[in-house]
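Here is what each chain is made of, one letter per residue.
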Amino acid sequence: QVQLVESGGGLVQPGGSLTLSCTASGFTLDYWAIGWFRQAPGKEREGVSCITKAGTTYYADSVKGRFTISRDNAKNTMYLQMNGLHPEDTAVYYCATRIERWGSCLAPGRYDYWGQGTQVTVSS
């Protein structure tokens with residue numbers, strides 16, 4: 001039973017930076033990919049960034065060059081460093097774990113375990 005807990009959200013100014021953390025706990029942590037997703041009010045949940053078991057990273061076009069995904073296996077923690085934040089980045093950010101190996105790891109539909117989310121608000 002895997003549990004994921006996000007932290008690090010908050011209110012930041014446009015152009016500011018924020019780092020999100022996702023800590024995993026539980027008996028089984030087998031996965032093909034782990035990723036960050038976000039959902040803004042009135043919008044569908046979308047993939048932000050993901051990293052595969054092999055360490056390959058992927059980013060949504062909207063965040064390329066601004067966000068960086070990383071992981072610390074020893075701490076069972078994944079991070080999302082967000083720089084140059086835009087108001088459009090405002091959303092609830094979720095981390096998730098996916099077992100299935102096939103398809104895009106940016107697609108939210110096949111992830112198995114989800115955290116509760118952390119709110120990121122970019123506003124003056």
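All values derive from a computational prediction rather than experimental measurement.

A.B. asks: What should I look at first to understand the packing of aromatic side chains in this one?
C.D. replies: For the structure shown, the criterion picks out four aromatic pairs. Note on Phe37 and Tyr111: the rings are 4.7 Å apart at their centroids and 75° apart in plane angle, and the pair reads as edge-to-face. Residue Phe37 is found in strand S4 (residues 33-39), and its partner Tyr111 is found in the loop between strand S9 (91-98) and strand S10 (113-114); the two are separated by 74 residues along the sequence. Pairing Tyr94 with Trp114 gives two aromatic rings, centres 6.3 Å apart and planes at 80°, and the pair type is edge-to-face. You can see Tyr94 sitting in strand S9 and its partner Trp114 sitting in strand S10, a full 20 residues away along the chain. Feature note: the residues Phe37, Tyr94, Tyr111 and Trp114 constitute an aromatic cluster, connected by ring pairs. The ring of Tyr94 has Arg45 lying over it, and the distance from NZ or CZ to the ring centre is 4.0 Å. Its guanidinium or amino end placed over the ring of Tyr31, Lys53 lies 4.6 Å from that ring's centre, counting from NZ or CZ.

A.B. asks: Looking at this structure, I do not really get the pairing of strand S11 (residues 118-122). What am I missing?
C.D. replies: When a strand is regular, its side chains alternate between the sheet's two faces. Alternating residues of S11 divide into Thr118, Val120 and Val122, all buried, and Gln119 and Thr121, none buried. The sheet contact formed by strand S2 (residues 10-12) and S11 spans three bridges and is parallel. Across the sheet, Gly10 pairs through a bridge with Val120, a residue of S11. Pairing geometry for S9 and S11, over three bridges, is antiparallel. Looking at the pairing, Val92 lines up with Gln119 of S11.

Reading the values: rules and limits
- Residues numbered from 1 in each chain as written.
- Predicted model: local features only at pLDDT ≥ 70, side-chain atom pairs only at ≥ 80, totals over all residues.
- Heavy atoms only, no water.
- Phe/Tyr/Trp six-rings, centres within 6.5 Å; stacked < 30°, edge-to-face > 60°.
- Helix = DSSP H or I, 4+ residues; strand = E, 2+ residues; numbered from the N terminus.
- Lys NZ or Arg CZ within 6 Å of the ring centre and 35° of its normal.
- Buried < 20%, exposed > 50% of the residue type's maximum accessible area, 1.4 Å probe, protein only.
- Pairing = 2+ DSSP bridges.

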